[in-house]
Amino acid sequence: MATWGLLAVEELSSQRRTRSLGLNRSVRQFNELAVPGLGGIWYAKQLVLPLLGIVVAEQARQQGQNVTNIQVANSIEAVGCLFAFLENKWQTDLRLRGNTKLAGVDDNLVFSRVKQPSFYVTQPMRMASVLALPALDLVDTDSARFNAFQCNESGKTLIQSAFRDYKPSNSSVTDYLVKWLNGGNLSKNSIITKAISPIIPLDKATLNLIKNSLIKGNDSNQQAKRRANALKLIERLDKHDEELTWIEKPKEIDSEHWHDLTTGAMFFTLQSKAFLLLDRIESHMGNNSEKTTFNLKTDSIEFLATSLKELREQASLFLNSQSHVAEANEFARICQQSDSIKLIKELVNLDGQVLRLVDEQIKPSSAFLGDIMVDEEAQIESAYPFPSNISYRMRNLYLLHLDLTERLDDWLSNNNVSDVDAEQ
């Protein structure tokens, strides 16, 4: 486990702000190499509800209604979360959003009201499905835009399976929702509330369809193979209560895939160490009662010596791994350079959101907090059977596996996990 120095902080507070260091494309590339096509999906109904929105929107347009996929899918998700919160007495659940936005909503749930952007959150869970729906061969599209998605036969089969046992007002769920779009109201504590609740699980037959889509999908053979192999690894770890380590390649993963997983972890470690260095500068500035500006010409950088040393070491380890992600390699070369002042300047320039560089001075920027806690030795106890800094998509695939085997509810109840990584 000590190989490559991967025992670093898994998540830093700065990652929860707007700091990216211009590495978003590299992050996406390493996540896609780890589990292609999964996007931000981590539980089964997160695929089904956006797909339901597409089917309902298509039927409504065929009847002359002027609606978009996004409007309908977001609206179904919004009322589904509302119904779930009402059912569970407004308890927090990682599968639900909008507990603040939806609190106090009255019984007027007509579509013309619900579809308004102000009704629900600005980043619905639907956004996490944009990559997965075409990759898993559930929609046809010639565009990456959700509004361009058309449900194909596989998708329609999945929707029919997911909602076949729900007959609101003696009609299908899709027909009932089309009528809602046309001016009807949705009644709380009814069949439809259970059908579209994100926390009401799907039946085994539907879960098997999703697993089949996950394994086969519509990707190239190599991409689908990587998803299938990653799932096989997770199934084995789960069955035997084992944990993956970086010491030895697991039998389920081929050499090229393993190289991408390990170099990805090295990159995420490097990124975390860069965040940590910037956090230490921010904390140092915030604890200075006389000024919140750091002068690189006159102020000592001795307090950064350990962070700079570890950052350079991690950069060298990453570059030695021979990753083919060019942007990540360039970032590592910045972090490896021997001129400490130049290194710090380049990182601050890449930041710009928390810290900004003005001539030779580091100044607070819009997301500056100052009084943050910085602990280089901090460890986050993982509820997942994976080593530090593995792609979050492996963790999400693990959760999806638990849902596909009807054990996600128990896992969420028994593990103190406050957030799940989402890819929008």
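Values in this document were obtained by computation on a predicted structure and should not be read as measured data. (Residues numbered from 1 in each chain as written. Predicted model: local features only at pLDDT ≥ 70, side-chain atom pairs only at ≥ 80, totals over all residues. Heavy atoms only, no water.)

The next subject is the overall build of the protein chain. Summing up its helical and strand segments, the protein chain has 17 helices and five strands in all. The globule rule puts the C-alpha radius of gyration for 424 residues at 22 Å, and the 24 Å found for the protein chain is close to it. Seen through its C-alpha atoms, the protein chain measures out along the principal axes to roughly 75 × 50 × 40 Å. Taking all 424 residues of the protein chain together, 52% fall into the buried category. In the protein chain, the proportion of contacts linking residues at least 24 apart, taken out of those at least 6 apart, comes to 72%. As displayed, the protein chain offers around 19200 Å² of accessible surface, 45% of which is attributable to carbon and sulfur atoms. Positive and negative charge centroids in the protein chain, built from 46 and 53 side chains respectively, lie 5 Å apart. (Helix = DSSP H or I, 4+ residues; strand = E, 2+ residues; numbered from the N terminus. Rg over C-alpha atoms; globule rule 2.2 N^0.38 Å. Buried < 20%, exposed > 50% of the residue type's maximum accessible area, 1.4 Å probe, protein only. Contact = heavy atoms within 4.5 Å. Areas by Shrake-Rupley, 256 points an atom, 1.4 Å probe, with all protein chains shown as cover. Lys, Arg positive; Asp, Glu negative; His and termini not counted. Charge placed at Lys NZ, Arg CZ, Asp CG, Glu CD.)

Across the sheet, which stays open at both edges, the three strands sit in the order S3-S5-S4 with antiparallel pairing between neighbours. Looking at strand neighbours, the two that pair on one side only are strand S3 (294–295) and strand S4 (355–358), the edges of this open sheet. Here four bridges tie S4 to strand S5 (residues 361–364), and the two strands are oriented antiparallel to one another. Across the sheet, Leu355 pairs through a bridge with Pro364, a residue of S5. Relative to the sheet, helix H15 (residues 340–351) contacts S4 and S5, its axis offset from that of S4 by approximately 120 degrees. (Pairing = 2+ DSSP bridges. Axes fitted to C-alpha atoms, helices over the stretch in contact; angles between N-to-C directions.)

In this section: unusual backbone geometry. A positive phi angle is found at Ser169, which is not glycine, with a value near 50 degrees. A positive phi angle is found at Asp359, which is not glycine, with a value near 55 degrees. Here Asp359 shows up in the loop between S4 and S5. Taking relative accessible area as the criterion, Asp359 reaches 68% and is therefore assigned exposed.

Any two packed helices are characterised by how steeply their axes cross, that is the angle between the axes, and by the distance between the axes. Packing of helix H10 (residues 204–215) against helix H16 (residues 392–404) brings their axes to within 9 Å, and their N-to-C directions diverge by 145 degrees. Where H10 abuts H16, its residues Lys204, Leu207, Ile210, Lys211 and Leu214 lie against Leu397, Leu400, Asp403 and Leu404. Of the residues assigned to the contact of H10 with H16, the class counts are six nonpolar, no polar and three charged. (Nonpolar A, V, L, I, M, F, W, Y, C, P; charged D, E, K, R; others polar.)

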